[in-house]
Amino acid sequence: MRSADIRKTFFDYFTSRGHTRVPSSPLVPDDPTLLLANAGMNQFKPYFLGEVRPPYPRAVSVQKCARTSDIDNVGRTTRHATFFEMLGNFSFGDYFKADVIRYAWELLTEHYRLDPDKLWITVYQDDDEAIDLWRQVGVAAERIQRLGMDDNFWSMGVPGPCGPCSEICYDRGPAFGPAGGPEANGERYLEIWNLVFMQNLRGDSVGAGKGDFPIVGELPNKSIDTGLGLDRLAAILQGVDTVCETDLLAPTLATVERLAGRRFPGRNGSEEAVSFQVVTEHARSTAFLIADGVLPSNEGRGYVLRRLMRRAIRHARSIGIDRPVLVEIVASVIDNLGDAWPELRSQRELITAVVTREEETFGATLRQGTRLLDAAITRTHTSGVTQLAGETAFELHDTYGFPIELTLEAAHTAGLTVDQDRYAALLEEQRRRAKKSGKAQTATAMRRQDTYRAILAEHGRTSFVGYTDTTADTQLLVLLADGGPVAAATEGQQIEIVIGRSPFYAESGGQVGDTGTLSTSDDTTIEVTDTRYGLDGFQVLTGRILTGEARPGQAAHAVVDAPRRAAVARSHSATHVLHAMLRRSLGDHARQQGSLVAPGRLRFDFAHFAPIDPSQLHTINALVNDYLLDDPDVRIWQATRAEAEAAGATAFFGDKYGDQVRIVDIGDASRELCGGTHVGHGTQTGPVRILGESSIGAGLRRIEALTGHDALTHADHEHRLLEEVTQLLGTHTDDLITTLTKRLTALTDAERTLADNRQRELDTMAAELAGRRRNLDGGVLVSARVADLTVTELRTLAAAILHRLPTDNAAGVVLATTGDGKVQLTAAISNRLRDRGTQARELLVEAAVTIGGGAGGAGPIASAGGRKTEMLDTALAQAETALAAAINR
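Quick caveat, the model's predicted, so the values are computed rather than measured.

**Focus: empty space enclosed by the protein**
Applying the stated rule across the entire model yields one cavity of 30 Å³ or more. Every residue lining the largest cavity is listed: Val-327, Val-330, Ala-331, Ile-334, Arg-348, Ile-351, Thr-352 and Val-355. Elements with a minimum of two residues in the lining of the largest cavity: helix H10 (326-337) and helix H12 (348-383). Taken together, the residues of the lining of the largest cavity break down into six nonpolar, one polar and one charged.

Printed below as a string of structure tokens:
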């Protein structure tokens, strides 16, 4: 059974039993506690927690998941992957254990036709009810095993919904390991489906329990969350040993084989087999992460992607693929899975550009790391030891991204070992710090979320009226300070406020939150400085008490800062038109990757592979303004998500949409799903002035622009500057460029003349000082104090003197000068001295300490600086003594 048929069978089975088919959420979750979507239930978390009433009692989905906790197991087991598709059925307070167990058994044995005698079951250690239910559907008692919390109690790894679970495993036979059931061997008894009885809640305090997040209560309703791994079921139904040999990855594995010029050796446990599988599997993860908006960086999700890509490149090299490889391999992923996941095809250009750039960057990293490693190996040999320091290996890995495996290989070739214990200790210390920081941030976020949930449960969602009104009569429901409710807040106090009816727009979709005021009948005034969502549909205002005392329960009048709102609306409409003109000018790949919509200004991030030529940027700016000047209508309408997409509306990965969506049309150029505020007609946007564009990552560009009054103010400012420059040059605006070019040319000529004169002075000085050289047994030196030289001139003079000294023996120069309250010393040495192992910097170390500074520089010239001007002569003498000793050595 092919993977497409496995998906279809799963959907058909559950939709025929009253489940609503729900599309996968993006890999970038709408959840501050998660880095990446790691389970099918992530998008349903508000339903399980009771924050939001589910629009359906039952759901079925195929969810894209990423779990980097399994990265080191990829290729070393037959079953682990960093990306996989999770087939899931869900019940939100509807059916529970009995039905989900019956459904799972029936689907596996009757529709996928798995041999019932090869299916084993694990249950949570004290879940007698689950055991009885499994026995009722026909599972023999000897194929049911009880396991503890680490194996059969599921959670997301962070605070949130959780519960005991029951796993269904398939016995693949003795070729995969010894008998004994799932508790004995996870390779032989392959877990394929996990049924989670979602009934508990993990809290945010550190304590007993899996993941340091203890169970703190029960969920509002007992629910069901299941996850069936498509990779694993496909491997069983297609009769292959590893997930890389299923039809999900086999075409990609074949591409790797072709590029490597050899066949995948199969499940033989060799490092070669591991590398084939790592390259294949990580290429799939790379394609999906980029398609969902993740870009390489050194932190967060971007770091996960970068690590996967660089790991794939390194393993490709280990099987003989020495040229750029990822573009071709990732292309096979797109070709194979693009029908099931259309975003792969629509984002092909972006994926290709990002992968190309990252592979080029990593090549440069490897070249730099190799140079640094070679230098470290040389120093290690020179010092007479046979082990490369763990600190060196860690610095190469942590600072320069150089893989430890390459460090080990190079050290071995050079006859050295690496202090791997010290390296591991430094790595673990770094991970411990990161984990501690992450836990603290997660705990703070969860405490805040718990507070918001309690308020939501008591008062319900915010009634937003801001699309039609900028004022509203409302009530102060809750005041929050330091994360918790307070009974009152007084003048000057910073607080968070929850109100029942709100005209304030909460920050979302790139648009900043509204500001304004709240006034009560007893003369309390609150300045609202920001509006955001605490939970879905639940607003939290940030504010400061200007006068009086605020208390929960007070009636209030809310007023939005209308001019600011209007300026934001101008920017938002301008952003939509800019997006349309970028795609029209650069291609459909130039899709929005992020934005900031603020009063009078905007920032727009989009996919593109090269800088935009200034003339083309000017043309795009003109297209935006010309279109807006035609005064297109701005039409806002609502439809189902399917209807909107069928009508050509643009949606963005990472943005959250419900079943009913809001669509914004601006003439015939732009149609986007959008919840923001907009102008009524194009001309109301006013002028748009693009300030510039820049790179913010591989394959990602950023445009910044001004709109409306701010664009006009900026243009006026530039005009005034132009007038001032014109007056300074004594010319007319039309002649400004010609006049300025002449002045700059004259200035350049004058600077060149001065530089030539100065060089002649330095040459004369060099000849004079070289003639005053001091002859030693081993060579010659020049030591002198000179006046009124810059640091650059001092180095130039030292090099010129050295050039005039005899080359048949060792030679060196030390010079000193003062200026601006500082002492500067320079040392220059001949090649003969360098061949003996002398470094110019070594000659200045003692002198640098004397003048209260430090020495630096590599190669034949070094410098030192300090502020103890009174110690100049002493320091110069010390440097001269060090140079003489080096020459006579």
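**Topic: a negative patch on the surface**
A contiguous patch of negative charge on the surface is contributed by Asp-626, Asp-630, Asp-631 and Asp-633. Of note, Asp-633 is situated in the loop between helix H17 (614-629) and strand S25 (634-640).

**Looking at the packing of aromatic side chains**
This structure, assessed with the given rule, holds 25 aromatic pairs. Seen from their ring centres, Trp-105 and Trp-134 are 6.3 Å apart, and the 70° between their planes marks the pair as edge-to-face. Placement of Trp-105 in helix H3 (residues 97-111) and of Trp-134 in helix H4 (residues 128-137) is noted, with a sequence separation of 29 residues between them. The residues Trp-105 and Trp-134 share a single accessibility class, namely buried. Over the ring of Phe-176 we find Arg-172, and its NZ or CZ is 4.0 Å from the ring centre. Directly above the ring of Tyr-467 sits Arg-662, whose terminal nitrogen or CZ lies 3.8 Å from the centroid.

**As for the nonpolar core**
One finds Tyr-112, Trp-134, Ile-168, Ile-192 and Trp-193 to be the most contacted residues of the largest nonpolar core, which totals 105 residues. The residues contacting Trp-193, other than those within four sequence positions of it, are Phe-10, Phe-14, Asn-89, Ala-104, Leu-107, Leu-108, Ser-166, Glu-167, Ile-168, Thr-226, Gly-227 and Leu-228.

**Observations concerning helix H24 (residues 872-888)**
Given a rise of 1.5 Å per residue, 17 residues ought to cover 24 Å, and the 24 Å separating the end C-alpha atoms of H24 matches this to within 8%. Within H24, the full set of buried residues consists of Leu-872, Ala-875, Leu-876, Gln-878, Ala-879, Leu-883, Ala-884, Ala-886 and Ile-887.

**Some details on the side chain of Thr-850**
Tracing the backbone through its elements, the reader meets Thr-850 in helix H23 (residues 845-850). In this view, Thr-850 contacts Lys-868, Met-871, Thr-874, Ala-875 and Gln-878; residues no more than four positions away in its chain are not counted.

**With respect to the pattern of salt bridges**
One pass over the full model with this rule turns up 47 salt bridges. Close ionic contact of Asp-72 with Arg-311 constitutes a salt bridge, the shortest N to O distance being 3.9 Å. Of this pair, Asp-72 sits in the loop between strand S2 (58-66) and strand S3 (83-91) while Arg-311 sits in helix H9 (residues 300-318), and the two are 239 residues apart along the sequence. Take Asp-72: its relative accessible area is 46%, and that puts it in the partly exposed class. Residues Arg-785 and Asp-873 are paired through a salt bridge, measuring 3.0 Å at the closest nitrogen-oxygen approach.

What counts and how
- Residues numbered from 1 in each chain as written.
- Predicted model: local features only at pLDDT ≥ 70, side-chain atom pairs only at ≥ 80, totals over all residues.
- Heavy atoms only, no water.
- 1 Å grid on protein atoms, 1.4 Å probe; cavity = no way out; pocket = protein on both sides within 12 Å on 5 of 7 lines; lining within 4 Å.
- Points joined across faces, edges and corners; volume = space filled by probe spheres on them.
- Helix = DSSP H or I, 4+ residues; strand = E, 2+ residues; numbered from the N terminus.
- Nonpolar A, V, L, I, M, F, W, Y, C, P; charged D, E, K, R; others polar.
- Patch = residues over 30% accessible without salt bridge, like charges linked within 9 Å, V, L, I, M, F, W, Y side chains within 5 Å.
- Areas by Shrake-Rupley, 256 points an atom, 1.4 Å probe, with all protein chains shown as cover.
- Salt bridge = Lys/Arg side-chain N within 4 Å of Asp/Glu carboxyl O.
- Lys, Arg positive; Asp, Glu negative; His and termini not counted.
- Charge placed at Lys NZ, Arg CZ, Asp CG, Glu CD.
- Phe/Tyr/Trp six-rings, centres within 6.5 Å; stacked < 30°, edge-to-face > 60°.
- Buried < 20%, exposed > 50% of the residue type's maximum accessible area, 1.4 Å probe, protein only.
- Lys NZ or Arg CZ within 6 Å of the ring centre and 35° of its normal.
- Core = buried A, V, L, I, M, F, W, Y, C linked by side-chain atoms within 4.5 Å.
- Contact = heavy atoms within 4.5 Å.
- Expected span 1.5 Å × (residues − 1).

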